[in-house]
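The lines below spell out each chain.
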Amino acid sequence: MIKRVASLAVLAGALAFAGAADAGTKNWKPMFVVGTNHAPLDYAKGHKPAGTLANWSGGFTDLHGHSVSYKMVGADPASSNTDTHIKTFIIPVIFVYGPDNGNMTFDPTVKKVNKKKNTIKSLLASPLFDNGADFKSGNIDCGQGQYIDVYQRCNFWSHVSTNTGYHTILDYTPNKKLKPLTINVSKTQGQVEQNEFTDDPNQVVGTYPYSTMDSQIGSYLQQHASQITPDTFPFFVSLDIYLTSGGCCIGGYHNARGQQTYGYTTYVDTDDDDGVFSTDISAASHEIGEWMDDPFVNNHVFCQDNSILENGDPLVKASTAYGVFPVKLNKFKYHPQSLVYLPYFGAPISTSANSWYSFQGPSEMNHTCPGQ
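Overview of the structure.

## Regarding the packing of helix H3 (residues 147-155) against helix H6 (residues 282-293)
Okay, step 1: Where H3 meets H6, the axes come as close as 10 Å, and the angle between the chain directions of the two elements is 50°. The orientation of H3 relative to H6 falls into the category oblique. Remark: the crossing between H3 and H6 carries right-handed chirality. Contacts from Tyr-147, Ile-148, Tyr-151, Gln-152 and Asn-155 of H3 reach H6 at Ser-285, Ile-288, Gly-289, Met-292 and Asp-293.

Here it is in structure tokens:
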């Protein structure tokens, strides 16, 4: 289930829900949210950054004759045959729960999550940032590289099969001035409880309101506006945290404040290979993929299941283990999420690899969105 959040007006409802945290979080279901583009950050006079996110404009006429226009990250695959590099910051989010609501700290910079790396190092060693995996969409080898880059190559295979040098690459850039964001969670905001997506009684997660999280990120971006500029992608990463908004559980989201785009994800650490919501990089791949194809959260489409071009949402359902598939890299089995291709939204079917509707093919998605 995908939950659309129109604005931070949901804060009161989220806090009212979180106030019942003592009794345990109810209404567990897999969710991702996306809000409307916020007001721009307040840059000091004379210091407004000149850089903008590398993006291109395109469009198509859908199956009902509607004109769909969009902006996506990178360069136009119809005319570009080279790399586009996006400076990317990974910002850990540390959640601290006191004695009255769990007495635990979830720190992605400390806990070992794949037997030898902490969360951030595991993320950087994954196919989202390491280019060591080769990806195929059916019988078409779309190339070796970062997963979302290769997905986008498959998404526009009608062009990339000719423009074989086309890539959109996330360049992780360490910055010592960007310290982790630490959040002390009050009893009225969230608690520590067993993860209901697994039968493992030792698998616990923390909960925290979505709207409050977005406010925290907004404040962080404002405080670091001289380092995090619109031509960069700041990605906030937590460990074993589900956000809430009228219920649990939100695995991540992406949004924008004016021209400054950003994303948030959680990395759920589990040995359960049957599919736990937000397991390792699944939520991260969902959000980076949606940021790539809808960075400013305003690419409107004519679908009944979603009004904007969110390419991860249609595949988040329990019957397909939330759309994940295994990829072995650096001696670890990661679980990125598959994503739908542009033809799902009514674009010409010839656009994508194999004329498919999604990266993993007909077994997971064999039709257009409802309304197309």
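Don't stop here, the text continues.
## So, the state of the cysteines
Okay, step 1: With the rule as written, the count across this model stands at three disulfides.
Okay, step 2: Between the sulfur atoms of Cys-303 and its disulfide partner Cys-369 the distance amounts to 2.0 Å. One disulfide, between Cys-303 and Cys-369, carries an S-S torsion of -80° and so falls in the left-handed class. Pair noted here: Cys-303 is in the loop between H6 and strand E17 (327-329) and Cys-369 is in the segment after strand E18 (332-334), with a separation of 66 residues, a long-range link. For the residue pair Cys-303 and Cys-369, the accessibility class agrees, reading buried in each case.
Okay, step 3: Assigning the bonded cysteines of the chain consecutive numbers by sequence position, one obtains the connectivity 1-2, 3-4, 5-6.

## Quick word on the side chain of Ser-285
Okay, step 1: With respect to the helices, strands and loops of the structure, Ser-285 is situated in helix H6.
Okay, step 2: Setting aside residues up to four positions removed in sequence, Ser-285 forms contacts with Leu-128, Tyr-147, Ile-148, Pro-336, Gln-337 and Leu-339.

## Details of the nonpolar core
Okay, step 1: Within the largest apolar cluster, 61 residues are counted, with the highest numbers of intra-cluster contacts made by Leu-128, Tyr-147, Trp-291, Leu-342 and Phe-345.
Okay, step 2: Among the elements that make up this core, the one with the highest residue count is H3 (five residues).
Okay, step 3: With residues up to four places along the chain from it excluded, the contact list for Leu-342 reads Phe-60, Tyr-70, Met-72, Asn-155, Phe-156, Leu-309 and Ala-347.
Okay, step 4: Counting residues in hydrophobic clusters, the runner-up holds 30 residues, among them Val-33, Phe-95, Ile-241 and Tyr-264.

## Some thoughts on unusual backbone geometry
Okay, step 1: Here the residue pair Cys-248 and Cys-249 is connected by a cis peptide bond, since its omega of 25° sits within 30 degrees of zero.
Okay, step 2: Summarising the element assignment, Cys-249 is placed in strand E15 (residues 248-257).
Okay, step 3: Of note in this structure, Val-297 is not a glycine but carries a positive phi near 45°.
Okay, step 4: Here Val-297 lies in the loop between H6 and E17.
Okay, step 5: Positive phi values are uncommon outside glycine, yet Tyr-322 reaches one of about 65°.
Okay, step 6: Locating Tyr-322 in the fold gives a position in the loop between H6 and E17.
Okay, step 7: What makes Tyr-322 buried here is its relative accessible area of 11%.

Cut-offs and rules
- Residues numbered from 1 in each chain as written.
- Predicted model: local features only at pLDDT ≥ 70, side-chain atom pairs only at ≥ 80, totals over all residues.
- Heavy atoms only, no water.
- Axes fitted to C-alpha atoms, helices over the stretch in contact; angles between N-to-C directions.
- Helix = DSSP H or I, 4+ residues; strand = E, 2+ residues; numbered from the N terminus.
- Parallel < 35°, antiparallel > 145°, perpendicular 65-115°, else oblique.
- Left-handed = near helix turned anticlockwise from the far one by under 90°.
- Contact = heavy atoms within 4.5 Å.
- Disulfide = S-S within 2.5 Å.
- Buried < 20%, exposed > 50% of the residue type's maximum accessible area, 1.4 Å probe, protein only.
- Core = buried A, V, L, I, M, F, W, Y, C linked by side-chain atoms within 4.5 Å.

Geometry only, nothing functional implied.
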